[in-house]
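Each chain, written out:
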Amino acid sequence: MTIVQWATILSPIIAVILAWWTCRSGASDTAKLIQCAKKFMLINLRTKIIELSKEAKEEHVQFSSLLKKSKGLSKSYYTRTSDCIKESLRQSEEMDRNTDDKIDITFDRRMVIAETMTDVIKLIKEIEKM
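Below is a short write-up of the structure. As the structure is a prediction and not an experimental result, all values here were calculated from the model.

Per the secondary structure count, the protein includes two helices and zero strands. When contacts within the protein are restricted to residue pairs at least 6 apart in sequence, those whose partners lie at least 24 apart make up 85%.

As a further point, take the side chain of Thr106. Within the fold, Thr106 resides in helix H2 (residues 86-129). Judged by its relative accessible area of 3%, Thr106 is buried. Discounting chain neighbours no more than four positions away, the residues touching Thr106 are Glu59, Gln62, Phe63 and Leu66.

Below, the discussion takes up the nonpolar core. Within soluble globular proteins, side chains that are nonpolar generally end up buried alongside one another. Ranked by size, the top nonpolar core spans nine residues in total: Leu42, Leu45, Ile49, Leu52, Ile113, Met117, Val120, Ile124 and Ile127. Sorting the residues of this core by element identifies helix H1 (2-80) and H2 as the ones contributing at least two each. Among the elements that make up this core, the one with the highest residue count is H2 (five residues). In contact with Ile113, other than residues within four places in its own chain, are Leu52, Glu55, Ala56 and Glu59.

By secondary structure assignment, the location of Lys38 is in helix H1. For the buried Lys38, no salt bridge is present, and the opposite-charge side chain at shortest range is Glu128, 7.9 Å distant. When neighbours within four sequence positions are excluded, Lys38 is seen to be in contact with Ile127, Glu128 and Met130.

This part is about the packing of aromatic side chains. In this structure the tally under the stated criterion is one aromatic pair. The interplanar angle of 40° and the centroid separation of 6.2 Å between the aromatic rings of Phe63 and Phe107 together place this pair among those described as tilted. Placement of the pair is Phe63 in helix H1 and Phe107 in helix H2, with a sequence separation of 44 residues. Given a relative accessible area of 17%, Phe63 falls into the buried group. In this structure Phe107 comes out as partly exposed when scored by relative accessible area, which is 41%.

Turning to a negative patch on the surface, a few remarks are in order. Judged by side-chain charge, Asp100, Asp101, Asp104 and Asp108 come together as a negatively charged surface patch. Its location among the elements puts Asp101 in helix H2.

Attention shifts here to the pattern of salt bridges. Summed over the entire model, instances satisfying the criterion amount to five salt bridges. With a shortest N-O distance of 2.8 Å, Arg46 and Glu128 are connected by a salt bridge. Taken as a pair, Arg46 in helix H1 and Glu128 in helix H2 lie far apart in primary sequence, 82 residues in all. Taking the shortest distance from any N to any O, the salt bridge between Lys48 and Glu51 comes out at 3.9 Å. Taken together, the residues Lys48 and Glu51, both in helix H1 and three residues apart, mark about one turn of the helix. Using a relative accessible area of 43% as the deciding quantity, one classes Glu51 as partly exposed. Each of Glu55, Glu59 and Arg109 takes part in salt bridges that share partners, so that together they form one network.

Cut-offs applied
- Residues numbered from 1 in each chain as written.
- Predicted model: local features only at pLDDT ≥ 70, side-chain atom pairs only at ≥ 80, totals over all residues.
- Heavy atoms only, no water.
- Helix = DSSP H or I, 4+ residues; strand = E, 2+ residues; numbered from the N terminus.
- Contact = heavy atoms within 4.5 Å.
- Buried < 20%, exposed > 50% of the residue type's maximum accessible area, 1.4 Å probe, protein only.
- Core = buried A, V, L, I, M, F, W, Y, C linked by side-chain atoms within 4.5 Å.
- Lys, Arg positive; Asp, Glu negative; His and termini not counted.
- Salt bridge = Lys/Arg side-chain N within 4 Å of Asp/Glu carboxyl O.
- Phe/Tyr/Trp six-rings, centres within 6.5 Å; stacked < 30°, edge-to-face > 60°.
- Patch = residues over 30% accessible without salt bridge, like charges linked within 9 Å, V, L, I, M, F, W, Y side chains within 5 Å.
- Areas by Shrake-Rupley, 256 points an atom, 1.4 Å probe, with all protein chains shown as cover.
- Charge placed at Lys NZ, Arg CZ, Asp CG, Glu CD.

Honestly, it's all geometry; don't read function into it.
Following this line, the structure appears as structure tokens:
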């Protein structure tokens, strides 16, 4: 009978202690999990910044190359206008237009890359505030 009375008295106390301990260890595990997720997000975003930076550099190289090609085509157009026939003149103008279109495309891509990098940097700052 005494054992039953002690069991009746101690069982709620033991249950409360177990619940408190479980809650506390669960919160600690959750905090660790949140920190790991935060680090993982930062690593992913920094990796994306590196990828975008590489892509921007490649676009810059292509832009510079196309710009030089465009200047070269313009110079050749002016040097050959006096002694070229209509067909070669038309071809020169077509090549110049194609190069100008490619220049516009690479410039637009660089703008999109820059905007995306800005957005990713904002995300990194928000995650670091967490």
